[in-house]
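Residue-level structure breakdown
What follows is each chain in one-letter form.
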Amino acid sequence: MENTGFETINLGHGSGGELTRNLLDKVIFNTFSNPFLDQKHDGAIVEINSKIAISTDSFVITPIFFKGGNIGELAVNGTVNDVAMCGAIPKYLSLAFIIEEGLKMTEFERIVASVKKAADESGVLIITGDTKVVERGKGDKIFINTTGFGQVHPKANISVHNIKAGDKILVNGNIAQHGMAIMSEREGLEFESDLVSDTTNLNFLVKDLLDAFGEKIKLFRDPTRGGLGTVLHEIANDISKGVFVKESAIPLEKQVAAACEMLGLDPMYVANEGVFLVVVDPSIETEVLALMRNHKRGINAALIGEFTNEHPNKVVMESLIGGKRIVSPLVGEQLPRIC
Amino acid sequence: MKHLSEYRNFEATKKYLDEIHKITTKEWNIMEICGGQTHSLVKNGILELLPEKVRMIHGPGCPVCVTPLNLIDKAIELLEKGVIVCSFGDMIRVPGSKKSLLEAKAVGGDLRILYSPLEAVSIAKENPDKEVVFFAVGFETTAPANALSVLHAEKEGLNNYSILASHVLVPPAMEAILDDKLCTIDAFLGAGHVCAIMGMQEYYPLVEKYKIPIVITGFEPLDLVQGIYMAVKQLEEGIYKLENQYARVVKEHGNTAAIKVINTIFEVGAREWRGIGEIPNSGYVIKEAYRKYDAEAKFNISHIKVPENPNCIAGEILRGIKKPNQCDQFGKACKPANPLGAPMVSSEGACAAYYHFSTHLTE
């Protein structure tokens, strides 16, 4: 990136005039340069000769820098993963910034560098974008929107409606890590920990699973906001089936469990980034688990439960001591308890 | 975490559950006082593992649930006056007469969610031109930290810090429940964390007066099944005494340093309980010498009084007369997203615990 000559972003950087051009040329275009973006057209013209998957997401996180990442890589990985969850290979991303005036230029550059790194790592190109600047107080440092486009894998047949009773549910790794890492740095809640966000791309593991098992994979879903509990509940409701999970099978790192315990939060509702669940035909559960555990994004993969015709629309969890309870969806934000 | 895994151990818990099944011959109603215990009972699915004859009745020990409606309106009034109001997390969604603290925040109120009242003192120090109020609710458990915040503010010479206090006490609530003609409680599980502060002394007279077993109990699954076992054993043997299941935390005389801090700032006085009404000598009020830290006096808001929602039977729930799923509004007009009363809000509230976790809801 070249020096823009500015220490902070001001309203002029979003005016569309000289300052905008300066910012785009020096920070954006030379970072993300590729044949599509370099056309500097109003939009990008690309060719995709297959079914395509499209997903969009806005990122409004506080704090924007956290242990294990920043809003930039989150904005790439989040959308890349959403496209991957459709059974697609992510190819292109749009990238739109809404910046609050006063953001330090060095912070913006750090974020842009992280976007670039995350895009390279997941094999996607930034092909179009937008930059707006709003008055101080009208934003929260920086908001990012990304839209992802991907080619649907030829062997993929991902649909919640393909799920049958007896199908198995697996997750690729430890849950609740991202949410607790963010929580540990949030104003007023800071606590000492080594927790880092698990933000990462999941598209390569998804592709390997589809290459190997094709349509025996019924569903991918990444339980970001609302956590694993909310997502399981949504799926159960979509298809009027029950979900049965075992608490003892759900992978949870000790430090994350301790932090949840301390703050009175339930890890089933804490946000994830590098986590996805996959629903598979019971005939392949062992092979799927083995493949996942052999992949760097699935070392802690686990079989956590299955779909059932009993208790339709309900997620029932067997507790560590063998009791049963319902996992209901999260209502509003998860609130810490008094004592 | 080792400590936690020990108390969530399947084998150890099963051993006590088997014993409870073995010794139970009659029907018993046991009330767990504390909302934390209710939460753990339902979250771990313990209720359905107990014999049908052993029924758990969920007590009033949820601080959010017993905080009177008008206190929430008072906190909202403070927000609207431009005061920085600091609160524990689960108070903020409780509906007041018109809105909740969360809704008051959405329209511009400066509401901060904190884990410790001492953080509120820091906020007061950092904002000398603003008034800062900590919404000090809870039982004996949270009283020491709230009292300590006043002592810290005094030490720092802060004139812009005060507390909106609604502290309630467990033993008077137990008496009120036992004095109720409709009371069917045979034994209590005492609130472990409250006793960690206050000790065991206050409970001997209750055992004697009402001839009722009380077992001070912790919060993990193993604690709870052991506490229930101890209570059932007393009942089956026809004896009544005070026992301490939670001895790893609760000592005979409690935490004397914490009690001293409480007694510096607070004195015992009448308190209003949501759904139950005013109980004499059932709470802490701020002593005269510290009145300048009392937000009610400081901001002249003590006149605010509002009636409860007539469709909410929180009072009967909190006294153990009805179970949440026996309420006509339960799961229909009253849900966690739109609660009619406080027990549906807090994760410790009996109604929310039933709504979220209980498999009784399968139908």
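Just so it is clear, the structure is predicted and the values come from calculations on it, not from any experiment.

1. As for the overall build of chain A
When helices and strands are counted, chain A shows 8 helices and 13 strands. A globule of 339 residues ought to have a C-alpha radius of gyration of about 20 Å, and chain A, at 21 Å, matches this closely. C-alpha atoms of chain A, sized along the principal axes, occupy 65 × 55 × 30 Å. The buried share among the 339 residues of chain A stands at 49%.

2. With respect to the nonpolar core
In this structure, L170(A), V278(A) and V133(B) are the most contacted members of the largest nonpolar core, which totals 214 residues. Here this core gets 9 residues from one element, more than from any other, and that element is helix α12 (residues 221–237) of chain B. Of the domains in this structure, domain 1 (11–152) and domain 2 (160–326) of chain A are the two that each give at least three residues to this core.

3. Let's talk about the domain arrangement of chain A
All names here are of chain A. Assigned domains within chain A: domain 1 (11–152) and domain 2 (160–326). On a C-alpha basis, the centroid separation for the pair domain 1 and domain 2 is 28 Å. Listed by partner, the interface residues are 19 residues for domain 1 and 21 residues for domain 2. When residues of the side of domain 1 that touches domain 2 are traced back to their parent elements, those giving at least two are α2 (71–85), β4 (88–100) and α3 (105–122). In terms of residue count, the dominant contributor to the side of domain 1 that touches domain 2 is α2 (9 residues).

4. So, the sheet that holds strand β9 (residues 242–244) of chain B
Residue and element names in this part refer to chain B. Judged by pairing direction, the sheet is parallel, and its 5 strands sit side by side in the order β2-β1-β7-β8-β9 without closing on themselves. The sheet is open, and its two borders are formed by β2 (54–61) and β9, each paired with just one other strand. On average, each strand axis in the sheet is inclined to that of its neighbour by 25 degrees, with strand direction left out of account. One ladder, built from 3 bridges, connects strand β8 (residues 214–217) with β9; its direction is parallel. By the bridge assignment for β9, I216 is matched with N244. Relative to the sheet, helix α3 (residues 35–43) contacts β1 (28–34), β2, β7 (187–191) and β8, its axis offset from that of β1 by approximately 120 degrees.

5. Here's the deal with α2(A)
Note that an α-helix has 3.6 residues per turn; residues three or four places apart therefore point the same way. The end-to-end C-alpha distance of α2(A) is 21 Å, a good match for the 21 Å that 15 residues give at a rise of 1.5 Å each. The buried fraction of α2(A) is high, at 15 of 15 residues.

Calculation criteria
- Residues numbered from 1 in each chain as written.
- Chains lettered and ligands numbered in written order.
- Predicted model: local features only at pLDDT ≥ 70, side-chain atom pairs only at ≥ 80, totals over all residues.
- Helix = DSSP H or I, 4+ residues; strand = E, 2+ residues; numbered from the N terminus.
- Rg over C-alpha atoms; globule rule 2.2 N^0.38 Å.
- Buried ≥ 20, exposed ≤ 12 C-beta atoms within 10 Å, placed from the backbone.
- Core = buried A, V, L, I, M, F, W, Y, C linked by C-beta atoms within 7 Å.
- Domains from an automatic or database assignment.
- Contact = placed C-beta atoms within 7 Å.
- Pairing = 2+ DSSP bridges.
- Axes fitted to C-alpha atoms, helices over the stretch in contact; angles between N-to-C directions.
- Expected span 1.5 Å × (residues − 1).

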